[in-house]
Amino acid sequence: MDLMVEDLAAIDDKLSGRHINLDPKGYFIIYLDREAKLIYAKHFTNVIDERGLAVDPETGKVIPARGKVERTHTTVFSGRTAKELCVKIFEETQPCPVTQLDHAAYLGREFVRAEVALVTGQEYVQD
């Protein structure tokens with residue numbers, strides 16, 4: 001089957017809407033610094049409540065999935081490539097800030113997307 005770009009985008013869009021279990025160790029906000037030619041990943045801690053929602057461990061408030069939230073990150077990782085970021089986070093950081101394989105796979109995909117955007121000049125928006 002010859003997949004077109006539109007077909008691949010439709011598959012990604014559909015999968016992006018699925019339910020995911022949140023990582024109890026926290027989440028990452030990924031962004032680019034084009035001037036420095038770096039990909040950044042800010043790590044934030046959270047607690048997962050009985051409903052499966054991410055909660056700020058300091059305030060007890062639910063962390064919304066969309067919109068701006070004023071929180072302080074615990075760590076900032078940076079790298080020139082997706083691979084460099086993955087090595088820093090998954091191999092060099094102890095204890096690892098990621099506890100679920102699906103979260104690790106998601107981060108790997110996002111880091112590759114960020115790297116491509118950095119190299120090509122395309123816009124990067126985290127999924």
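Remember, it's a predicted structure, so these values are computed and weren't measured experimentally.

**Looking at the environment of Ile29**
Mapped onto the elements of the fold, Ile29 is located in strand S1 (residues 27-33). What makes Ile29 partly exposed here is its relative accessible area of 39%. Each C-alpha atom of the pair Ile29 and His73 lies 9.2 Å from the other, and the pair is 44 residues apart in sequence. When near neighbours in sequence (up to four residues on either side) are disregarded, Ile29 contacts Tyr40, Ala41, Lys42, Phe44 and Gln126.

**Re the pairing of S1**
In terms of strand pairing, S1 meets strand S2 (residues 38-44) through 7 bridges, oriented antiparallel. Among the inter-strand pairings, Asp33 is bridged to a residue of S2, identified as Leu38. Taking the residues between adjacent antiparallel strands as the criterion, S1 and S2 are bridged by 4 residues, where Lys37 takes a positive phi near 60°.

Rules and cut-offs
Residues numbered from 1 in each chain as written. Predicted model: local features only at pLDDT ≥ 70, side-chain atom pairs only at ≥ 80, totals over all residues. Heavy atoms only, no water. Helix = DSSP H or I, 4+ residues; strand = E, 2+ residues; numbered from the N terminus. Buried < 20%, exposed > 50% of the residue type's maximum accessible area, 1.4 Å probe, protein only. Contact = heavy atoms within 4.5 Å. Pairing = 2+ DSSP bridges.

The analysis is restricted to geometry; functional conclusions fall outside its scope.
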